[in-house]
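Take a look at the letters that make up each chain.
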Amino acid sequence: MSKRLVWMYIFLITFLYAYRVHAASMFHPRYNWYSIKTEHFWIHYHDGLEQDALRLATIAEEVHEKLTKNISWQPFFRTDVVLCDTTDMANGFSTPFPYNRVQLFVVMPHVEDAGLSNTDDWLRMVFTHEYTHTLTLDMIGGIPEATRYTLGRVCFPNILMPVWAVEGYPVLQESKDKPWGRLNSNYTLMVLRQEVYSKNLKDMSLASNYPREWPAGMVPYLYGGLFVEFCTQNYPEKDFQEIFKANADNILPFLIEKNFNDVYGAQTIALWHIWQKELINDLNDQIAEIKKRGVSYYTMLTSTGFYTSFPRFYNDDIVFVAMTNKEKPSLIKYDTHKKTFSRLAYVNNPNSISVNNNTIIVSDIQYYRSFDLFSDVFIYDNRYSQKTKGLRVHYIEPFKSGYIAILYNKGKYSLVQLDAAFTIQKYFIHNTPFQISYLRVSGYSSKAVFSIVHNGFSDIALYDFITENMLLLTNDSFADIHPAFHPDGQKVIFSSDRDGVFNLYEINLASKKISRISNVIGGAFFPDISSDGTTIVFSSYEANGYNIALMPYATGHSQELSPIPFTIQQDEEQKEILHQPYNPLYSVIGPWWAPFLYSEELYPNKYDNHIGFNTSGNDTLYRHSYALGLDCALMQKRMTLALDYIYSGLYPDVFASYNDEGIIFDDWFPWEPPDTVAYMKRTLKRTISSGISVPFQKFYNYNQLLLYYTYEKTMVSEYYNNAVFTHDMILAGLHVAFLHDGTYMGSFSVSPEDGMVFETYADIYNSSLSSDISYSKVRGGLYYFFRGFGNDVLTFMLKGGFAHNAPNYLYSYNIGRYAKGKSQGIPEDEDAYSMRGFAKDMFYGNRLAVGIVEYRIPLFQKDIGYRMLPLMFRDIWLTPFVEYGNIWIDSTSFDDFKYSIGTQLNIRITAGYWADIEGFAGVVKGYGNFGELQVYCGIATVMEGALKQHSIIRQVIQ
């Protein structure tokens, strides 16, 4: 089938349906949900977050009043705000489709979380940021506004703005209440200072997208926020929201340069250069001041950058975690004598590590019950293994015969003692709203140090397990973090921004004096001291991110401290809350529909026109998701109806669908081909299906099991020698599908890496299930991906299929992949198991076996764009391959097997600032019966095709 579709329509429908497909199963069904209704919001939350939801209801209305005045926009409907505690990674997000929706996670961020911790009220800061998104993305005007009254919520012009603008303006809004927000954070200054010092300031094209080079995803936030602030300060009479307002009424997308000229009377790139020049001057002055004090000498051990952190002395060696965007995060050991590195184990996304003799204890992220991302205890002792499930251990240290740990749950923190089996023995601090983190325990006393956040600032606390008293060693308006005991137990070393730069400091517990022990241009974090007390290992912030560094221990000028006793707030008073059970009816009705028009080739040079529409909807918790489509073929006088529904309020998900291509308005055969067409066949299907989906997920291990029933009626019309033959067939059966994906994909990966994918599908049709015939078939694939040099990937793939008792007209397996001169969607059924180098639909069989070897070689990997052009080049890679296989009926021999040799060139770009698109082109030669030379191309996951050849009629192998 050939279809000529409008590309912008494909773009829209792809976006909307991709959103719907991935919407199901966001939350585990064990949560009970409630709602608070305010004037402008529905606040939805699960049990345990009652007080946070009540506070958020007040915050939301206050922020709404302020932002709607600043931005001059107010949504027509209430905004849904979902408050949850389903991850230990601080974040939030906003989406305008299908309704305005904000989702916030209550867990608070740490300093190294891109400066997000610079706040005295996490919920207020993250809601301000996300609700700014809601207002700017919901904004619409001029001619585009007509879509809201006709098609509904399908047009959001401000989505297609450069990422620095989309993210920069919310960063500015969160930073207006000084000294809070990322723009007022010394972390942000550190990042930009190193960018200037290394002469690596990013240009506008990188900030307009999400670049992969450090600081990667922070670029549009930090650069965008500072640039928007610059525009606001230099044009005080013009608020940046006018850029969004000017863009919201554009008929065409990507006109931000025109918007800037209209609002500021200047070119964006010119303002960007002025801003960067001022930034360079300011930060160079700061760098000069740092150098005047004498920069500390230290030795860099690593050059991997990104998040290479958490160094600890490990016997005579050093262990740390390397997390880059080029390979899977790893626990690494550095041999201090041989000066060599070795990978001990792959990890997920750790919070911290500690050591105990030959054992390494890691607080690492893992999926809990397939839905929630919680931190748990992992142990490395010749192998890496998970020891707890759902305990939510953020930091853990060995203590006597067990452990001391910081636990987190529903916005509260606890300091606890665990036994050797990780069972809670005692609470020292129970459910405090103050964030406590970066725990370290002295090896010579019953004391611990940790960082505690109160009033928005982070201080170092000393806790005595015997007296159960706590002292604040620091009590000031700085970020004091990452404390560690000196081996003598009389000093505490920590990182602080008290001089504007994150340096290392020492507190002498006896003399109560503080001394700075480093002076760096970037930042010094996560210190640990060697057993002889002469060397500090730390994570140094450099041009490419964090790296592991060694520095001699030396104490500088000291100042007096005044430690104070501190009683931590625990179990705050509960306020009565008025709420109601969550009701999905308020958000489940689909607020959009999209018409379409396309043509279908019935036979050469004859097309039928189709008109129709699609719509979809889901409630704000994604318990109910549905899609509806209607398609009318004008010449064939028939209609297609498609309806899908998923219920995710249980585990597993329950789904049902109805698809009918054969709603005929006229029995007459309306599209008889001319005499030049010898044979033609039309197949229409009516399908009803229902079943369950069972997901099971780990961090690098996704599994899904589908069990479902289908009732399928197929109506076939065949035209042959001026005669029409029709027959109907009913297939009813049970189906099982299973997918396992244990691979890794980084931002520089051109392919899945370091793992295995396994998929299998089984279909059983039986007369007892109302089927006209009884037969079965099974197919599956096993794929191994081995990482080579850099991001090269060697791939071995085995694919096969088997059909039992299938009549010849239902033989499933086709040896060919491409039909020359034809384009089609990327196959997802049995045709996906075919071989390149052989014609599609040429011959079929009831047995299939194919083996493939590919070597995927990156040729060029760099983010290249131009100003704010909505197109960024990413990757080119080459894939030479060999395929070997055959299809047959019942029996075969190796003499009948075929093979093909070819090579494929792939390219990846980012279009419209957010959509990664892969294209490919290749040439392949098939050897054996019916082998041919094919030149093919396509867009990954969308369509593919090959150059033209003579028509080939489908055959069945005899």
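Residues numbered from 1 in each chain as written. Predicted model: local features only at pLDDT ≥ 70, side-chain atom pairs only at ≥ 80, totals over all residues. Heavy atoms only, no water.

### Digging into the overall build of the protein chain
Just so we agree on the cut-off: Comment: elements are numbered from the N terminus, with helices defined as DSSP H or I runs of at least four residues and strands as E runs of at least two. A radius of gyration in this sense is built from C-alpha atoms; the matching globule rule multiplies 2.2 Å by the number of residues raised to 0.38. Accessibility here uses a 1.4 Å probe with only protein chains present; expressed as a share of the type maximum, an area under 20% marks a residue as buried, one over 50% as exposed, and anything in between as partly exposed.
A count of helical and extended segments in the protein chain gives eleven helices and 55 strands. Its C-alpha atoms give the protein chain a radius of gyration of 31 Å, within 12% of the compact-globule value 30 Å for 958 residues. Overall, the protein chain is about 105 × 65 × 55 Å in size when its C-alpha atoms are taken along their principal axes. Split into buried and exposed, the 958 residues of the protein chain put 57% on the buried side.

### Overview of the sheet that holds strand β13 (residues 372-380)
Two modes of strand pairing occur in sheets, parallel and antiparallel, and in both the strands are linked by backbone hydrogen bonds. Note the following rule: The rule for pairing is simple: two strands pair if DSSP sees at least two bridges between them. The axes used here are C-alpha line fits, helices contributing only the stretch in contact, and every angle between their N-to-C directions lies in the interval 0 to 180 degrees.
The sheet built from four strands is open, its strands ordered β11-β12-β13-β14 with antiparallel pairing. Of all the strands in the sheet, just β11 (352-356) and β14 (384-386) have a single pairing partner and so form its edges. Here the strands of the sheet are splayed against their neighbours by 35 degrees on average, with no regard to which way each runs. Pairing of β13 with β14 involves three bridges; the strand directions are antiparallel. Among the inter-strand pairings, I379 is bridged to a residue of β14, identified as S385.

### Some words on unusual backbone geometry
Put simply, W214 and P215 share a cis peptide bond, and its omega is 5 degrees. Note on placement: P215 falls in the loop between α7 (204-207) and α8 (219-234). A cis amide bond links Y651 with the next residue in sequence, P652, at an omega value of 20 degrees. With phi around 45 degrees, R867 is a residue other than glycine that occupies positive phi space. Relative to the assigned elements, R867 resides in the loop between β49 (847-864) and β50 (871-888). A relative accessible area of 38% means that R867 is categorised as partly exposed.

### Brief notes about the pattern of salt bridges
We count it as follows: By salt bridge we mean one thing: a side-chain nitrogen of Lys or Arg within 4 Å of a carboxyl oxygen of Asp or Glu.
According to the stated counting rule, one finds 44 salt bridges in the structure shown. Across the salt bridge formed by R787 and E327, the nearest N and O atoms sit 3.7 Å from each other. Here R787, found in strand β42 (residues 775-787), pairs with E327, found in the loop between β8 (317-323) and β9 (330-335); they are 460 residues apart in sequence, far enough to count as distant. A relative accessible area of 25% means that E327 is categorised as partly exposed. Shared partners join several salt bridges into a network, and the residues in it are R212, D863, R874, D875, R908 and E918.

### As for the packing of helix α5 (residues 163-174) against α8
Spelled out, the test is: Should an angle fall under 35 degrees it is taken as roughly parallel, and over 145 as roughly antiparallel, whereas 65 to 115 is taken as roughly perpendicular and any remaining angle as oblique. The criterion used for residue contact is that any of the two residues' heavy atoms lie within 4.5 Å. The classification used treats Ala, Val, Leu, Ile, Met, Phe, Trp, Tyr, Cys and Pro as nonpolar, Asp, Glu, Lys and Arg as charged, and all other residues, Gly among them, as polar.
At a minimum axis distance of 7 Å, the contact between α5 and α8 shows a crossing angle of 70 degrees. In terms of orientation, α5 and α8 fall into the roughly perpendicular class. Here V163, W164, E167, G168, Y169, V171 and L172 of α5 lie close against α8, whose contacting residues are P220, Y221, G224, G225, F227, V228, E229 and T232. Split into classes, the residues belonging to the contact of α5 with α8 amount to nine nonpolar, four polar and two charged.

### Topic: the pairing of strand β15 (residues 393-399)
Residues in a regular strand project their side chains so that they alternate between the two faces of the sheet. Burial within β15 is extensive, with seven of its seven residues counted as buried. Pairing of β15 with strand β16 (residues 402-409) involves six bridges; the strand directions are antiparallel. The residue bridging F399 from the neighbouring strand is G402, located in β16.

### Some remarks on the packing of aromatic side chains
The following threshold applies: In this analysis, rings of Phe, Tyr and Trp, with Trp reduced to its six-membered ring, are considered paired at centre separations within 6.5 Å, and the interplanar angle assigns stacked below 30 degrees, edge-to-face beyond 60, and tilted for intermediate values. In this scheme, the term charge over a ring applies when either NZ of a lysine or CZ of an arginine sits within 6 Å of the ring centre and within 35 degrees of the ring normal.
Inspection of every chain in the model, using the stated rule, returns 70 aromatic pairs. Relative to F240, the ring of Y169 lies with its centre 5.9 Å away and its plane at 35 degrees, an arrangement referred to as tilted. Separated by 71 residues along the polypeptide, Y169 in helix α5 and F240 in the loop between α8 and α9 (241-248) bring together distant segments of the chain. Through a chain of ring-to-ring contacts, the aromatic side chains of W164, Y169, Y223, F227, F230, Y235, F240, F244, F260, Y264, W272 and W275 assemble into a single cluster. Between R212 and the ring centre of F748, over which it is positioned, the NZ or CZ distance is 4.2 Å. Across the ring face of F881, the terminal group of R836 is positioned such that the distance to the ring centre comes to 3.6 Å.

### With respect to the environment of Q386
Formally: Polar contact criterion, stated in full: a pair of N or O atoms within 3.5 Å, where within protein one must be able to donate a hydrogen and the other to accept it, and residues adjacent in sequence count only if both atoms are side-chain atoms.
Mapped onto the elements, Q386 comes out in strand β14. Look at Q386 and you get partly exposed, because its relative accessible area is 26%. For the pair Q386 and V362, spaced 24 residues apart in the sequence, the C-alpha separation amounts to 9.3 Å. A polar side-chain atom of Q386 sits 2.7 Å from the main-chain carbonyl oxygen of T388.

### Quick notes on the nonpolar core
Grouped burial of nonpolar side chains is what soluble globular proteins tend to show. Threshold: Nonpolar cores were defined as sets of buried Ala, Val, Leu, Ile, Met, Phe, Trp, Tyr and Cys residues, with membership established by side-chain atoms within 4.5 Å.
Within the largest apolar cluster, 152 residues are counted, with the highest numbers of intra-cluster contacts made by F127, W164, F227, F240, F260, L415 and F450. L415 has contacts with I404, A405, I406, K426, Y427, F428, I429, I436, L439, F450, Y463 and F465, leaving out every residue within four places of it along the chain. Grouped together as the second largest cluster of nonpolar side chains are 27 residues, L731, Y783, F838 and F843 included.

### Concerning α5
Selection rule: For a helix, the expected span equals 1.5 Å multiplied by the number of residues minus one.
A rise of 1.5 Å per residue sets the reference length of α5, with its twelve residues, at 16 Å; its end C-alpha atoms lie 17 Å apart and thus fit the reference within 8%. Inspection of α5 places V163, W164, A165, V166, E167, G168, Y169, P170, V171, L172, Q173 and E174 among the buried residues, and these make up the whole buried set.

### Describing the confidence of the model for the protein chain
Our working rule: Each residue carries a pLDDT score, the predictor's own confidence in it, on a scale running from 0 to 100.
In this model, the protein chain carries a mean pLDDT of 91, and residues with pLDDT of at least 70 account for 94%. Confidence over residues 1-23 falls short of pLDDT 50; this stretch has 43 contacts with residues more than four positions distant or in other chains. Below pLDDT 50 for its whole length, residues 950-958 participates in 20 contacts with residues either more than four positions away or in separate chains.

### Comments concerning the sheet that holds strand β4 (residues 92-95)
A sheet is described by the order of its strands in space; here six strands give the open sequence β4-β5-β3-β2-β1-β32, paired in mixed fashion. Strands at the two margins of the open sheet, each flanked by one partner only, are β4 and β32 (580-581). Here strand β1 (residues 33-37) runs beside β32; their pairing, made up of two bridges, is antiparallel. Bridge pairing in β32 links S35 to Q580. The strands that helix α2 (residues 50-71) touches are β1, β2 (41-46), β3 (79-84) and β5 (101-105); relative to β2, the one it contacts most, it runs at about 160 degrees. Helix-sheet contacts for helix α3 (residues 122-138) involve β2, β3, β4 and β5, and the interaxial angle to β5 is about 155 degrees.

### A closer look at α8
For α8, with 16 residues, the first-to-last C-alpha span of 22 Å sits near the 22 Å given by 1.5 Å per residue. With twelve of 16 residues buried, α8 lies mostly within the body of the structure. Contacts from the buried residues of α8 go to α5, α6 (186-197), α7, α10 (256-264) and α11 (268-292).

### What to know about a nonpolar patch on the surface
Selection criterion: Each patch groups residues whose relative accessible area exceeds 30% and which form no salt bridge, using 9 Å between like charges and 5 Å between nonpolar side chains of Val, Leu, Ile, Met, Phe, Trp and Tyr. We get accessible surface area from the Shrake-Rupley algorithm with a probe of 1.4 Å; when it comes to residues, only the shown protein chains can shield them.
Residues V882, Y884, F894, Y899, I901 and Y927 make up a contiguous nonpolar surface patch of roughly 600 Å² in combined accessible area. Here Y899 lies in strand β51 (residues 898-911). Judged by relative accessible area, which is 37%, Y899 ranks as partly exposed.

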